[in-house]
Amino acid sequence: MKIFCRTAAVRIKTYPPLPLVVAVFQQFSTSTVTREMMAAKDGKEKAQQFTLKTPKGTKDWADRDMVLRSRIFDTISSVFKRHGGVTIDTPVFELREILAGKYGEDSKLIYDLQDQGGELCSLRYDLTVPFARFLAMNPTIQQIKRYHLAKVYRRDQPAMTKGRMREFYQCDFDIAGQYESMIPDSEILCIAVEGLTALGIEDFVIKLNHRKILDGIFAVCGVPLADVRKISSAVDKLDKMSWDDVKREMTEEKRLPVEAADKIGDYVKMKGGVDLLVKLKQDEVLMSNESAATGIKDMEVLFSYIKSFGIQDKLSFDLSLARGLDYYTGIIYECVTSASAPPSYRPNKDKKLKPKDLDEDVSEYVGVGSVAAGGRYDELVGMFSQSKKSSVMPCVGISFGVERLFSIIKAKEDMSKIRANETDVFVMAFGGGKDWSGFLPERLKVCKALWEAGISAEFLYKSKPKPRQQFDAADKIGAPLAVILGQEEYAQGMVKVKELGLGENADEGRDVQIENLTDHISRLLVTVKGRS
């Protein structure tokens, strides 16, 4: 067999006969197709074996839940705006080195991502560290009131019904810049009170402490400087554990002398208001410590501003509050409610409530926890700054936990009364006979006119709907008004506007000229919504 080209003829002596080539090709193709079909079949079978679920510590949010959650966002952000806040946004993940070493023992809860193109990144743990990084990258910003509503991620043990999740929203407000002492701090506390009150939460207390006072207490009690953060982390568990359990952790796990632990216990059991401040000032040993004396002086100034804001009744000066995050340098606070605490011990059953399986949802064993928290962090921006101009940027802020607030508010809310949508008008058509078309184009035209007037409206996706079907659809979405296109009335340029949901008080509605429809609906909606 010869193969000719432009330049020469090439003889291939060993080329196989054509029938053999065809047979081999057919066999190869058949086996290939068979393997591909089997692989596809195997893939299909494997796909059917998937367990459909969201990842641990996350959930889908349905329609009514989203309405309630949006209400929380709107309420909190309106408070932030009222106090002069401007909003920013930052990436959902940061360079791993940005987040490293900022969260103490909680650093183990950071979600690390795989290397993508040479950068090691992690999902953000909170909104505070990204904000500090943002300030360090923008040294021209010398003062700012910033708020940020966004998701954060923590590999924590979830308690889904208590709003303790691995993916959740935080709503942060921070004041950054050089100001006179404790003025921004007092406004942040005012924002905390206003935010929770606006959400309808009244049974809350803001636990208040100062990191410098706590550091001074540890110093005079004999805690080595290298162990301060470890002991602080143990004290921070007093809202979940008894003093005996906390003391055991400090002495047995963290090797603190028993005498030092007992001295700490005498202090951290104290709480009150201005009276506690007076008592601490009379403690000569504590006042001899520079850090404690500075913190107590700050608290004196703060209490005078708090009184001006009229929020002193919502605050509790609590020396057990430690806040485990490493970046706090001054005032710290947590907002707690009656739902924050864990369930009581059950001495007749279990000595202590704890999950049998460390991988399970722990809603049964824990409370909601703090619903908002924050503090002063004057040195965090300086950790990132490469400019001497911005190396010192004092900051103080508050963070509201949306999912925890949601769990409290939903427990008190009648969810059946929450509308999943905001449709105000359902456009219907009534008629009959062999010439009846269903007025679908006409309904579309009326809906378009309502939409252009800023009125939310819907219609049934059916060419010839029955009256009962349309009323059922309007009732399902809770639309307060109906616009009815009657077969005879519409030909005369009229439609009927009827108020829905009146039960026994229902009327026949009112005839309205089509050209006056949008104005009439707008006025009527003011009255209808005013009654609800």
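Just so you know, these numbers come straight off a predicted model, no measurement behind them.

A. Layout of the overall build of the chain. Helix and strand counts for the chain come out as 18 helices and 18 strands. Split into buried and exposed, the 532 residues of the chain put 45% on the buried side. A sequence separation of at least 24 residues applies to 71% of the contacts in the chain between residues at least 6 apart.

B. Expanded view of the layout of surface pockets. Size it by volume and the second largest pocket reaches roughly 600 Å³. Contributing elements (two or more residues each) for the lining of the second largest pocket: α16 (467-477), β17 (494-499) and α18 (517-531). For the lining of the second largest pocket, the element with the highest residue contribution is α16, accounting for five residues. Of the residues belonging to the lining of the second largest pocket, the class tally is eight nonpolar, five polar and ten charged.

C. Molecular detail of the pattern of salt bridges. By the definition in use, this model includes 24 salt bridges. With a closest N to O distance of 2.3 Å, Arg146 and Asp174 form a salt bridge. A residue pair is termed long-range when its members are at least 10 positions apart, and Arg146 in strand β6 (residues 144-153) and Asp174 in strand β7 (residues 167-176) qualify at 28 residues. With respect to class, Arg146 is no different from Asp174; both count as buried. A salt bridge links Arg248 to Asp245, with the nearest nitrogen and oxygen atoms 2.7 Å apart. Placement of the pair is Arg248 and Asp245 together in helix α8 (residues 243-253), with a separation of three residues, close to one helical turn. Among the residues examined, Arg248 registers a relative accessible area of 40% and is labelled partly exposed. Residues joined by salt bridges that share partners form a network here, namely Asp185, Arg376 and Asp378.

D. Region of the structure containing the sheet that holds strand β3 (residues 86-87). A sheet is described by the order of its strands in space; here nine strands give the open sequence β3-β6-β7-β13-β12-β11-β8-β10-β9, paired in mixed fashion. On the outer flanks of this sheet lie β3 and β9 (271-272), each paired with one strand and no other. Bridge analysis of β6 against β7 gives ten bridges, and the strand direction is antiparallel. Residue pairing in the sheet places Lys151 in a bridge with Tyr169 of β7. Along the sheet face, helix α12 (residues 290-309) touches β8 (204-210), β10 (315-318) and β11 (331-337) and points at about 145° away from the line of β8.

E. Here's a closer look at the sheet that holds strand β16 (residues 481-486). Spatially, the five strands line up as an open sheet ordered β15-β14-β16-β17-β18, and their pairing is mixed. Each having just a single partner strand, β15 (457-459) and β18 (510-513) make up the two edges of the open sheet. Along the sheet, successive strands turn relative to each other by an average axial angle of 30°, direction set aside. In the sheet, strand β14 (residues 425-430) pairs with β15 via three bridges, with the strands oriented parallel. Bridge pairing links Phe426 to Glu458 in β15. Relative to the sheet, helix α15 (residues 440-452) contacts β14, β15 and β16, its axis offset from that of β15 by approximately 170°. Sheet contacts for α18: β14, β16, β17 and β18; angle to β17, the most-contacted strand, approximately 5°.

F. Geometry of the nonpolar core. With 78 residues, the main nonpolar core has Leu189, Met250 and Ile264 as its most contacted residues. With seven residues, the top contributor of residues to this core is helix α5 (residues 183-198). The residues contacting Leu189, other than those within four sequence positions of it, are Ile206, Leu208, Leu302, Ile306, Ile311, Leu315, Ile331 and Tyr333. Phe134, Ala136, Phe384 and Cys395 belong to the second largest nonpolar core, which has 26 residues in total.

G. A look at empty space enclosed by the protein. Scanning the entire structure with this criterion turns up one cavity of 30 Å³ or more. Its boundaries defined by the atoms lining it, the largest cavity holds a volume of some 40 Å³. Residue lining of the largest cavity: Lys207, Asp236, Asp239, Ser320, Leu321 and Glu334, and that is the complete set. A per-class count over the lining of the largest cavity returns one nonpolar, one polar and four charged.

H. Seen up close, the pairing of β16. Burial runs high along β16: six of the six residues are buried. Burial along β16 is two-sided: the face carrying Leu481, Val483 and Leu485 and the face carrying Ala482, Ile484 and Gly486 are both buried. Where β14 and β16 come together, six bridges link them in parallel fashion. Bridge pairing in β16 places Met428 opposite Ile484.

I. Representation of unusual backbone geometry in the model. Of note in the backbone geometry, Met182 takes a positive phi value of approximately 70° without being a glycine. Structurally, Met182 is set in the loop between β7 and α5. Take Met182: its relative accessible area is 5%, and that puts it in the buried class. Look at Phe439: it is not a glycine, yet its phi comes out positive at around 55°. Inspection of the secondary structure puts Phe439 in the loop between β14 and α15. Judged by its relative accessible area of 11%, Phe439 falls in the buried class.

J. Structural detail: the packing of aromatic side chains. As enumerated under the stated definition, the model contains 14 aromatic pairs in all. Judged by centre distance (4.9 Å) and plane angle (85°), the rings of Trp61 and Phe406 are edge-to-face. Here Trp61 is found in the loop between α1 (18-48) and α2 (63-82), whereas its partner Phe406 is found in helix α14 (residues 402-412), with 345 residues between them in sequence. Arranged with centres 4.2 Å apart and planes meeting at 40°, the rings of Tyr103 and Tyr125 form a pair that is tilted. Here Tyr125 lies in the loop between β5 (121-123) and α4 (128-137) and Tyr103 lies in the loop between α3 (96-99) and β5, a separation of 22 residues in the sequence. In this structure Tyr103 comes out as buried when scored by relative accessible area, which is 0%.

K. Spotlight on the environment of Ser385. Within the fold, Ser385 resides in the loop between α13 (380-384) and β13 (395-401). Considering only alpha carbons, one finds Ser385 and Met137, 248 residues apart in sequence, at a separation of 7.1 Å.

L. Broad picture of the side chain of Thr251. Counting through the fold element by element, Thr251 comes out in helix α8. With residues up to four places along the chain from it excluded, the contact list for Thr251 reads Leu256, Pro257, Val258 and Ala261.

Cut-offs and rules
Residues numbered from 1 in each chain as written. Predicted model: local features only at pLDDT ≥ 70, side-chain atom pairs only at ≥ 80, totals over all residues. Heavy atoms only, no water. Helix = DSSP H or I, 4+ residues; strand = E, 2+ residues; numbered from the N terminus. Buried < 20%, exposed > 50% of the residue type's maximum accessible area, 1.4 Å probe, protein only. Contact = heavy atoms within 4.5 Å. 1 Å grid on protein atoms, 1.4 Å probe; cavity = no way out; pocket = protein on both sides within 12 Å on 5 of 7 lines; lining within 4 Å. Points joined across faces, edges and corners; volume = space filled by probe spheres on them. Nonpolar A, V, L, I, M, F, W, Y, C, P; charged D, E, K, R; others polar. Salt bridge = Lys/Arg side-chain N within 4 Å of Asp/Glu carboxyl O. Pairing = 2+ DSSP bridges. Axes fitted to C-alpha atoms, helices over the stretch in contact; angles between N-to-C directions. Core = buried A, V, L, I, M, F, W, Y, C linked by side-chain atoms within 4.5 Å. Phe/Tyr/Trp six-rings, centres within 6.5 Å; stacked < 30°, edge-to-face > 60°.

Keep in mind that these numbers describe shape and distance, not what the molecule does.
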